[in-house]
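The primary structure of each chain is shown beneath.
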Amino acid sequence: MMNPRPLAGGVSAMAIRRRTLLKGALGAGALAGLAGCGGGDDGGGGGGAVTFGSNWSDEVPKNAIAAMMKGHDAEVSINTVDHNSFQENINNYLQGGPDDVFGWFAGYRMQFFAEQGLVGDISDVWSDIGSGFSEAMKQQATGADGKQYFVPLYYYPWAVFYRKSVWAERGYTPPATMDEFVALSKQMQGDGLVPLSFGDSDGWPAMGTFDYLNLRINGYDFHVELMAGERPWNSQEVKNVFDAWRELLPYHQPDALGRTWQEAAQTLLRKESGMYLIGMFMGQQFPEGPERDDLDFFPFPEIDPAVGADAVEAPIDGFMMAARPRNEEGAKDLLRYLGTAEAEDAYLAVDPNNVAAHDDADTSGYSALQKKSQELVSGAKSISQFLDRDTRPDFASTVMIPSLQAFLRDPDDVDGLTKSIEEQKASIFGG
Amino acid sequence: MADQAVRRPPRRPRRVRTLSGVDVLTVALMVAVPTVVVVGLVWGPALATVLLSFTDWNGIGNLSEINFVGWQNYEDATTNYPPFGPAIRHNVLWLVVFFVGPTLLGVILAVMLDRELRGSRIYQSIFFMPVVLSLALVGFIWQLIYSRDQGLLNEVLGLEGGARIDFFGNPDINLWAVLVAAGWRHTGYIMLLYLAGLKAVDPALREAAAVDGAGEVRTFLRVIWPVMRPVNIVILVITVIESLRAFDIAWVINKGRNGLELISTLVTQNVIGEASRVGFGSALATIMIAISTVFIVIYLIQVMREQK
């Protein structure tokens, strides 16, 4: 549910879960643990079709995955699970009998499971497919131990989106620095527009703002270390991020905590706001045709020239292999195929709302927005994965979401807030 | 009399012996199956929850990898987990509001509908409908009503721009907004239960009261209310249970954050999901079990006292 990609299946999945919740879930967790004790080792050789666990459960991505798998020269049996359920049950899934290959996300969220020994090392696959991916992509597919565990499929960058027609009418130009950004915001307010659409009812959209301010003020390396729990949250560096954010809050759409990101997108659509810092999936909220073609974006502006603006937030989705696949040869063959430009082309031909991760993917059918996204990411020195993918998921959901919402409610108590985050971090990362 | 008392004991074993093998099997199954189900699905997990609450288990790995951390999780929950205090307060508030609001309203509606008004069935259906609607739909309906930018309520109140009320986002009022939504469902539920109870009351009682010259109000308070005592207790217990496990609407709106913290949503946030904090979440769940136990004990004492 923390995934920035909106999914319709979420609510109904929640309804099913409601009753089993308190007793069942705990019991199931305990039973899964017990089952783990006697887990047999049925890995190794063996033939049969390769199984693929898919969390691409929405109609369009589901068809895209099917088209993609059809291109493989061996038989692949696809098990599709509702996206949110897949994510929430990933622990039990990986410890039970996972499919040989399954869909997952890059970043710490991948490294975490690699560290627990729940996913398979595919470094040998990478020696075959590696030439097709940029260094930044490879970095995102690599675990803390230097081995590769992940094959990227596509990404969707976060940036500041706007409507070309509104900007042309008012004569706005994309700001390159924070000073220009603030000046533009003031101009928009003078013109009766809300400068920045903002909706944080779900808790995760604000992470994008935090990430970008942090990347621009403290840099990519600091972001990685902070997310990994190696840096204190009550440091001056983090306080600077919140201080900068407070300066920008007057330009944000007010009452953001009660607004979903979709509702915030509507204000941009209705030309009531001038900009919106969000992921590329926001385009889904714009009707196909002239409205969607009217969308454009600019990268989050530079704050400190010494740090620059060459870090881009672009969550990557892709594939991983089970720790002990039933058909290891077949699984690796499949991953080799999935890491080719042809496979990604087959996917994006059906679902063109993303940008292919492969360097040689066919870009001739790309929309202007896709092309621009590709340029943005391929020109980036480093790619971050979004706060909830770059840190422990439990820390992101139980500490960071409430804390960022607390900041938006009461932006003045940064000292108390960062101290509280640091204390909670210690209790989660501490062990 | 004394003679019979003496004679009785030898009779008993003879009766047991008359049970055939099939009977014994049937009885054994009837006792064993529910016991296994209750122990396996209720007591086992509950006990496991309490045990896990003293560990730092993250849901991954064998039982051998579980470390016992003593009261650490409870200490963390009460000292450095900001949502914990609000969650407890919100659950208590929920309980109080449910008693004085929807429960009372449901009872009153039931009493009114019991008087064979014209179109009584239509009213029943209308009030009961929220109970049968799916959770997803209920969440969606209230989103349409409460939304700050596009909501019905703000439009009807004629508020514009900055004056619009942020029903879901303002932590001072969103709990009340949710209580209205949850109460909307609870009222119908209580109404139906109470109505069923009222229908079962022997009409002769009312007639007798009427013959004795008692008015409507007096009949209800002195005759119907005491007869309805078992139903009243059921409704009391249901209201307590519903308040303690209040969850769904708050979860649908914002996953129980920012003013909508409830113990149940905190447990879910911590336990469900990737890399879950099973130990910490279990500690929260154990606190919930402890609070529920207080109510259960009060209820049992009440019931036992009555039987004496």
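All of these numbers come straight from a predicted model, not from anything done at the bench. (Residues numbered from 1 in each chain as written. Chains lettered and ligands numbered in written order. Predicted model: local features only at pLDDT ≥ 70, side-chain atom pairs only at ≥ 80, totals over all residues. Heavy atoms only, no water.)

### What about the overall build of chain A?
So the rule is basically this: Where helices and strands are cited, they refer to DSSP runs of H or I of at least four residues and of E of at least two residues respectively, numbered from the N terminus. Relative accessibility decides the category of a residue: with a 1.4 Å probe and only protein chains considered, values under 20% of the type maximum give buried, values over 50% give exposed, and everything between is partly exposed. We call two residues in contact whenever any of their non-hydrogen atoms come within 4.5 Å of each other. Areas reported here follow the Shrake-Rupley algorithm with a probe of radius 1.4 Å; residue values treat only the protein chains shown as occluding.
From N to C terminus, chain A includes 20 helices and 12 strands. Buried positions account for 58% of the 431 residues belonging to chain A. The contacts of chain A with a sequence gap of at least 6 include a subset with a gap of at least 24, amounting to 78%. Counting every atom, chain A has about 15600 Å² of accessible surface; 48% of that belongs to carbon and sulfur.

### Some points on the overall build of chain B
Operational definition: Just to be clear, the radius of gyration here is over C-alpha atoms, and the globule rule we use is 2.2 Å times residues to the power 0.38. Positive charges come from Lys and Arg alone, negative charges from Asp and Glu alone, with His and the N- and C-terminal ends not counted. The location of each charge is read from NZ of Lys, CZ of Arg, CG of Asp or CD of Glu.
Of the regular secondary structure elements, chain B holds 14 helices and zero strands. The C-alpha radius of gyration of chain B comes to 26 Å, more than 25% above the 19 Å expected for a compact globule of 308 residues. Each of the three principal axes of chain B carries a C-alpha extent, and together these read 90 × 70 × 35 Å. The burial tally for chain B puts 43% of its 308 residues in the buried class. In chain B, once contacts between residues fewer than 6 apart in sequence are set aside, the share between residues at least 24 apart is 65%. By element, 68% of the accessible surface of chain B is carried by carbon and sulfur atoms, the whole surface being about 17200 Å². Between the centroid of the 25 positive side chains of chain B and the centroid of its 22 negative side chains there is a distance of 14 Å.

### Details of the confidence of the model for chain B
Put simply, the rule reads: The predictor attaches a confidence to each residue, called pLDDT, with possible values from 0 through 100.
Mean pLDDT over chain B stands at 85; residues scoring 70 or higher make up 93%. Below a pLDDT of 50 lies the segment residues 1-7 of chain B, which in the model reaches zero contacts outside its immediate sequence neighbourhood of four places, other chains included.

### Quick word on the packing of helix α3 (residues 72-79) of chain B against helix α14 (residues 278-307) of chain B
Residue and element names in this part refer to chain B. The condition is simple: Lines fitted to C-alpha atoms define the axes here, with helix axes fitted over just the stretch in contact, and angles between the N-to-C directions of these axes take values from 0 to 180 degrees. Under this scheme an angle from 65 to 115 degrees is roughly perpendicular, one under 35 degrees roughly parallel, and one over 145 degrees roughly antiparallel; angles in between are oblique. Three classes are used, and their members are as follows: Ala, Val, Leu, Ile, Met, Phe, Trp, Tyr, Cys and Pro are nonpolar, Asp, Glu, Lys and Arg are charged, and the others, Gly among them, are polar.
Where α3 meets α14, the closest approach of the two axes is 9 Å, and the angle between their N-to-C directions is 75°. For the element pair α3 / α14, the angle class is roughly perpendicular. Counted together, Asn-73, Tyr-74, Asp-76 and Ala-77 of α3 and Gly-279, Phe-280, Ala-283, Leu-284, Thr-286 and Ile-287 of α14 form the full contact between these two elements. Of the residues in the contact of α3 with α14, the class split is six nonpolar, three polar and one charged.

### Comments concerning the sheet that holds strand β6 (residues 194-197) of chain A
Residue and element names in this part refer to chain A. The test is simple: Here, any two strands with at least 2 DSSP bridges between them count as paired.
With mixed pairing, the four strands of this open sheet are ordered in space as β6-β7-β5-β8. Looking along the sheet, the strands with just one partner apiece sit at the ends: β6 and β8 (295-298). Ignoring which end each strand starts from, the neighbouring axes of this sheet average 30° apart. The sheet contacts of helix α9 (residues 178-190) involve β6, β7 (273-279) and β8, and relative to β7 the element is tilted by about 135°. Together, β5 (158-163), β6, β7 and β8 form the strand contacts of helix α13 (residues 261-269), whose direction differs from that of β7 by roughly 145°.

### Focus: the nonpolar core
The condition is simple: Among the buried residues, those of types Ala, Val, Leu, Ile, Met, Phe, Trp, Tyr and Cys that are joined through side-chain atoms within 4.5 Å form a nonpolar core. Reported domain spans reflect what an automatic or database domain assignment gives.
Counting residues in hydrophobic clusters, the biggest one holds 134 residues, and the most contacted among them are Phe-161, Phe-210, Phe-242, Trp-245, Met-282 and Phe-319 of chain A. Broken down by element, the residue count for this core peaks at eight residues, all from helix α19 (residues 393-409) of chain A. Shared between two domains, this core takes at least three residues from each, and those domains are domain 1 (42-156 + 316-384) and domain 2 (158-313 + 392-429) of chain A. With 21 residues, the next largest nonpolar core counts Trp-94, Leu-133, Leu-175 and Leu-262 of chain B among its residues.

### Side note on the packing of aromatic side chains
All names here are of chain A. The criterion, for reference: Stacked, edge-to-face and tilted are the three classes for Phe, Tyr and Trp ring pairs, Trp counted by its six-membered ring, which pair at centre distances within 6.5 Å; planes under 30 degrees apart are stacked, over 60 edge-to-face, the rest tilted. By the criterion adopted, a ring carries a charge over it if an Arg CZ or a Lys NZ lies within 6 Å of its centre and within 35 degrees of its normal.
Scanning all chains against the criterion turns up 44 aromatic pairs over all chains. Taken together, the ring pairs in this structure connect Phe-86, Tyr-93, Phe-102, Trp-104, Phe-105, Phe-112 and Phe-113 into an aromatic cluster. Lys-372 extends its terminal NZ or CZ atom over the ring of Phe-297, reaching a point 5.2 Å from the ring centre.

### Some details on the pattern of salt bridges
Our working rule: By definition here, a salt bridge exists when the distance from a side-chain nitrogen of Lys or Arg to a carboxyl oxygen of Asp or Glu is within 4 Å.
This structure, assessed with the given rule, holds 26 salt bridges over all chains. Between Arg-389 of chain A and Asp-317 of chain A there is a salt bridge, and its shortest N-O distance comes to 2.9 Å. With Arg-389 of chain A in helix α18 (residues 387-390) and Asp-317 of chain A in strand β10 (residues 316-321), this residue pair connects regions lying 72 residues apart in the sequence. The buried category is assigned to Arg-389 of chain A, whose relative accessible area is 0%. Each member of the salt-bridge network shares a partner with another, and the members are Asp-255 and Arg-259 of chain A together with Arg-148 and Asp-149 of chain B.

### Here we look at helix α4 (residues 84-113) of chain B
Short version of the rule: To estimate how far a helix should extend, the number of its residues minus one is multiplied by 1.5 Å. Each residue is assigned a bend, namely the angle between axes fitted to the seven residues that terminate at it and the seven residues that start at it.
The terminal C-alpha atoms of α4 of chain B, which comprises 30 residues, lie 41 Å apart, in line with the 44 Å expected from a rise of 1.5 Å per residue. Along α4 of chain B, the helix axis deviates most sharply at Phe-98 of chain B, where the bend reaches about 45°; the proline Pro-102 of chain B sits within four residues downstream.

### Quick word on the pairing of β7 of chain A
Residue and element names in this part refer to chain A. Counting buried residues along β7, seven of its seven residues qualify, which places the element largely inside the surrounding structure. For β5 and β7, the ladder comprises four bridges, and the chain directions are antiparallel. Across the sheet, Ala-159 pairs through a bridge with Ile-278, a residue of β7. With three bridges connecting them, β6 and β7 associate as parallel partners. Looking across to β7, one finds that Val-194 is bridged to Ser-273.

### Let's talk about unusual backbone geometry
The phi dihedral of Phe-386 of chain A falls on the positive side, at around 95°, and the residue is not glycine. Positive phi values are uncommon outside glycine, yet Asn-258 of chain B reaches one of about 50°. With respect to the element layout, Asn-258 of chain B can be found in the loop between α12 (248-254) and α13 (263-271).

### Brief notes about the domain arrangement of chain A
Residue and element names in this part refer to chain A. We count it as follows: Summed over both partners, the accessible area lost on bringing two parts together, with a 1.4 Å probe, is the buried area. N or O atoms closer than or at 3.5 Å make up a polar contact, with two conditions inside protein: a donor-capable atom paired with an acceptor-capable one, and, for residues adjacent in sequence, both atoms drawn from side chains.
Each assigned domain of chain A is listed with its residue range as follows: domain 1 (42-156 + 316-384) and domain 2 (158-313 + 392-429). With centres defined by C-alpha atoms, the gap from domain 1 to domain 2 works out at 28 Å. The interface is formed by 19 residues belonging to domain 1 together with 20 residues belonging to domain 2. Carbon and sulfur atoms make up 65% of the area that domain 1 and domain 2 hide from each other, which totals about 1900 Å². Considering only the surface of domain 1 that becomes buried against domain 2, Tyr-156, Leu-369 and Ser-384 emerge as the three largest contributors, covering 33% of it. Our enumeration of links across domain 1 and domain 2 arrives at one salt bridge. A salt bridge links Lys-372 to Asp-296; its shortest N-O distance comes to 2.9 Å. Where domain 1 touches domain 2, the interface holds nine residue pairs in polar contact (both at pLDDT 80 or more). Elements represented by at least two residues in the side of domain 1 that touches domain 2 include exactly α5 (108-115), α7 (135-140), α17 (368-378) and β12 (382-384).

### Comments concerning the sheet that holds β10 of chain A
Residue and element names in this part refer to chain A. Sheet architecture is open: six strands sit in the order β2-β1-β3-β10-β4-β11, paired in mixed fashion. Only two strands of the sheet have a single neighbouring strand rather than two, namely β2 (76-80) and β11 (355-356). Strands β3 (101-105) and β10 of the sheet are contacted by α5, whose axis makes an angle of about 130° with β3. Those strands touched by helix α15 (residues 328-338) are β1 (50-54), β2, β3, β4 (151-155) and β10, and its axis lies near 160° from that of β10.

### Quick look at the side chain of Ser-373 of chain A
Note on placement: Ser-373 of chain A falls in helix α17. Residues contacting Ser-373 of chain A, with those up to four places away along its chain left out, are Tyr-155, Pro-157, Met-280, Phe-297 and Val-355 of chain A.

### A word on the pairing of β3 of chain A
Residues and elements named next belong to chain A. The buried fraction of β3 is high, at five of five residues. Here β3 shows a buried face lined by Val-101, Gly-103 and Phe-105 and a second buried face lined by Phe-102 and Trp-104. Pairing of β1 with β3, which is carried by two bridges, proceeds in the parallel orientation. Counterpart to Phe-52 in the pairing with β3 is Val-101.

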